[in-house]
Amino acid sequence: MIQVAVLGYGTVGSGVVEVIETNKADINKKAGEELNVKYILDLRDFPGDPYENKVVHDYNIILNDPEVVIICETMGGVKPAYDFTKQALMAGKSVCTSNKELVANHGPELIQIAKDHQCNYLFEASVGGGIPIIRPLNYSLTAEKIDGITGILNGTTNYILTKMDKEGADFEDVLKEAQEKGYAERNPEADVEGYDACRKIAILSSLMCGKNVKYEDIYTEGITKISSADFKYARQMNKSVKLLAMSRDTEDGFFAMVAPFMISKEHPLYSVSDVFNAVYVHGNMLGDSMYYGRGAGKLPTASAVVSDVVDCARHQGKTIMCFWDAENVKVTDIGDAKRKFFVRVKADQKEAAMKAFGSLAEVSVGIAEEFAFMTQVLSEKEFNEKIEQAGGCINRIRIMA
């Protein structure tokens with residue numbers, strides 16, 4: 001019997017216990033051995049909970065129990081999760097986590113510690129919730145040189161943008177509704193400012209490169225400036241607006257960013273709606289492939305954590321290969337990236353905009369006080385110079401090629 005401990009009995013932690021108990025027969029068969037949740041670590045008590053007798057408040061009980069060989073870290077945040085994880089790995093206990101913040105900050109170090117102690121640090125649930133993406137990158141696509149990843153990696157922002165698109169609602173109104181439904185936190189900054197998606201693309205980019213892509217080096221822009229008017233223009237252009245996290249490994253350098261983009265109906269990510277997420281991967285031999293599903297939520301995320309538990313059970317005493325070295329990747333300045341832009345300026349700036357940009361394509365939806373247009377392909381630096389010459393803008397959204 002393999003004894004498992006769960007750190008944190010919140011949404012994901014309780015989901016992990018539920019998945020293991022509900023699917024016990026199938027999970028044990030696939031693991032090749034019976035799994036049992038021996039401990040649940042939390043500061044709180046849970047009177048009346050079916051697993052209240054497993055709850056402990058002292059992490060050392062788990063750390064010092066030789067029977068516990070796999071730990072599920074679902075606490076979130078860096079402290080004390082980092083210390084607990086490091087101690088577990090150094091004791092030869094494998095750790096499976098959904099904690100994207102910890103993985104993005106300390107991934108290479110924790111992977112190396114696991115390797116040094118013949119155990120595993122697995123984090124399938126840290127990027128796409130229930131969507132399998134880490135394992136495909138590490139196993140299924142090993143014959144490929146992955147040179148591009150584009151993802152809708154945050155369910156909250158995708159839900160908000162979908163509602164704005166379909167209902168013509170404004171950002172603040174939809175955000176309030178998302179908070180009432182539990183899709184958005186009381187403090188939604190990490191989601192709506194793009195920080196959550198940034199950490200996730202940093203993890204995927206690191207696995208793509210085999211080296212460390214620091215999330216602090218990734219240009220990040222959220223969705224707070226997107227309005228219902230932007231969606232009117234997008235529909236006129238047969239496009240929609242999505243918050244995309246992307247990275248490209250090119251001859252000119254490594255690019256990574258998070259920002260709202262207009263994408264056309266022909267693009268596979270166009271139809272990814274509501275709280276669903278998707279990751280679009282390009283390999284030099286395979287071409288394009290896409291991984292789609294629920295990117296968050298109690299049971300989808302818990303399912304991904306438990307899939308890592310099963311993997312650890314199958315590989316006791318062996319380290320599952322994961323190529324993510326500590327050497328930092330130089331992320332190329334966003335100013336060099338080239339693309340088209342959709343731009344809205346005040347009506348009295350029309351002449352200045354036409355003079356600054358030269359060749360442009362006007363887009364009209366009958367808003368008299370505005371002049372909107374699409375630029376030719378420009379570098380970010382060139383665009384910023386030209387829009388300054390035109391006197392600034394109401395908003396601008398990048399266009400996905």
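Above this note sits the structure.
Residues numbered from 1 in each chain as written. Predicted model: local features only at pLDDT ≥ 70, side-chain atom pairs only at ≥ 80, totals over all residues. Heavy atoms only, no water.

*Asks:* Go over the nonpolar core with me, naming the residues and quoting the values.
*Replies:* Judged by nonpolar contacts, the single largest core of 85 residues is most densely connected at Ile62, Tyr121, Phe123, Ile160 and Leu204. For this core, the element with the most residues is helix 11 (residues 195-209), which contributes eight residues. Apart from the residues lying within four places of it in its own chain, the contact partners of Ile62 are Ala5, Leu7, Tyr39, Leu41, Val56, Val68, Ile71 and Lys93. Grouped together as the second largest cluster of nonpolar side chains are 30 residues, Val6, Val55, Cys72 and Val309 included. (Core = buried A, V, L, I, M, F, W, Y, C linked by side-chain atoms within 4.5 Å. Buried < 20%, exposed > 50% of the residue type's maximum accessible area, 1.4 Å probe, protein only. Helix = DSSP H or I, 4+ residues; strand = E, 2+ residues; numbered from the N terminus. Contact = heavy atoms within 4.5 Å.)

*Asks:* Hey, could you go over the side chain of Glu221 for me, with residue numbers and the actual values?
*Replies:* Mapping Glu221 onto the fold places it in the loop between strand 8 (219-220) and helix 12 (228-236). Within the local environment of Glu221, its side chain forms a polar contact with the side chain of Tyr219, the two groups lying 2.6 Å apart. The contacts of Glu221, once residues within four sequence positions are left out, are Glu193, Leu243, Val258, Ala259, Pro260, Arg396 and Arg398. (Polar contact = N/O pair within 3.5 Å; in protein donor to acceptor, adjacent residues only side chain to side chain.)

*Asks:* Residues and numbers for the packing of aromatic side chains, please.
*Replies:* How two aromatic rings sit relative to each other is set out by the distance from centre to centre and by the angle between their planes. The tally for this structure, following the rule as stated, stands at 10 aromatic pairs. Summarising the aromatic geometry, the rings of Phe123 and Trp324 are spaced 5.9 Å apart at their centres and angled 70 degrees between planes, so their arrangement reads as edge-to-face. Of this pair, Phe123 sits in the loop between strand 6 (121-122) and helix 6 (125-128) while Trp324 sits in the loop between helix 13 (298-314) and strand 13 (338-346), and the two are 201 residues apart along the sequence. Trp324 matches Phe123 in its accessibility class, with the two residues each being buried. Ring pairing ties together the aromatic residues Phe341, Phe357, Phe371, Phe373 and Phe383, which thus form one cluster. Sitting over the face of the ring of Tyr215, Arg199 holds its NZ or CZ atom 4.3 Å from the ring centroid. (Phe/Tyr/Trp six-rings, centres within 6.5 Å; stacked < 30°, edge-to-face > 60°. Lys NZ or Arg CZ within 6 Å of the ring centre and 35° of its normal.)

*Asks:* How would you summarise the environment of Gln3 if you had to cite specific residues and measurements?
*Replies:* Topologically, Gln3 is positioned in strand 1 (residues 2-7). Of the residues examined, Gln3 reaches a relative accessible area of 10% and is grouped as buried. Sequence-distant contacts of Gln3, defined by excluding residues within four places in its chain, comprise Asn36, Lys38, Glu67, Val68, Val69 and Ile70. A polar contact is formed between the side chain of Gln3 and the side chain of Asn36, at a distance of 2.8 Å.

*Asks:* Tell me what's going on with the sheet that holds strand 2 (residues 35-41), and back it up with residues and numbers.
*Replies:* Sheet architecture is open: six strands sit in the order 3-2-1-4-5-6, paired in parallel fashion. The open sheet has two edge strands, strand 3 (55-56) and strand 6, and neither has a second partner. Two strands pair when backbone bridges link them, and strand 1 and strand 4 (residues 68-73) are joined in this way by five bridges, in the parallel orientation. By the bridge assignment for strand 4, Gln3 is matched with Val68. Taken strand by strand, helix 13 contacts strand 1, strand 2, strand 4, strand 5 (94-97) and strand 6, and its axis lies near 160 degrees from that of strand 5. (Pairing = 2+ DSSP bridges. Axes fitted to C-alpha atoms, helices over the stretch in contact; angles between N-to-C directions.)

*Asks:* Before we move on, could you go through unusual backbone geometry and cite the residues and values that matter?
*Replies:* With an omega of 0 degrees, the peptide bond between Lys79 and Pro80 qualifies as cis. In this fold, Pro80 is placed in the loop between strand 4 and helix 4 (81-90). Despite not being glycine, Asn238 has its phi angle at roughly 60 degrees, a positive value. The residue Asp274 is not glycine, and still its phi comes out positive at about 55 degrees. When you line up the elements, Asp274 lands in the loop between strand 10 (253-264) and strand 11 (276-283). Note on Asp274: relative accessible area 32%, which makes it partly exposed.

*Asks:* Requested: an account of the pairing of strand 9 (residues 239-250), with residues and values cited.
*Replies:* Each regular strand displays side chains that alternate between the two surfaces of the sheet. Counting buried residues along strand 9, nine of its 12 residues qualify, which places the element largely inside the surrounding structure. Direction of pairing for strand 7 (residues 146-152) relative to strand 9: antiparallel, over a ladder of four bridges. Looking across to strand 9, one finds that Ile149 is bridged to Ser247. Pairing geometry for strand 9 and strand 10, over 12 bridges, is antiparallel. Within strand 10, the residue paired with Leu244 across the bridge is Ala259.

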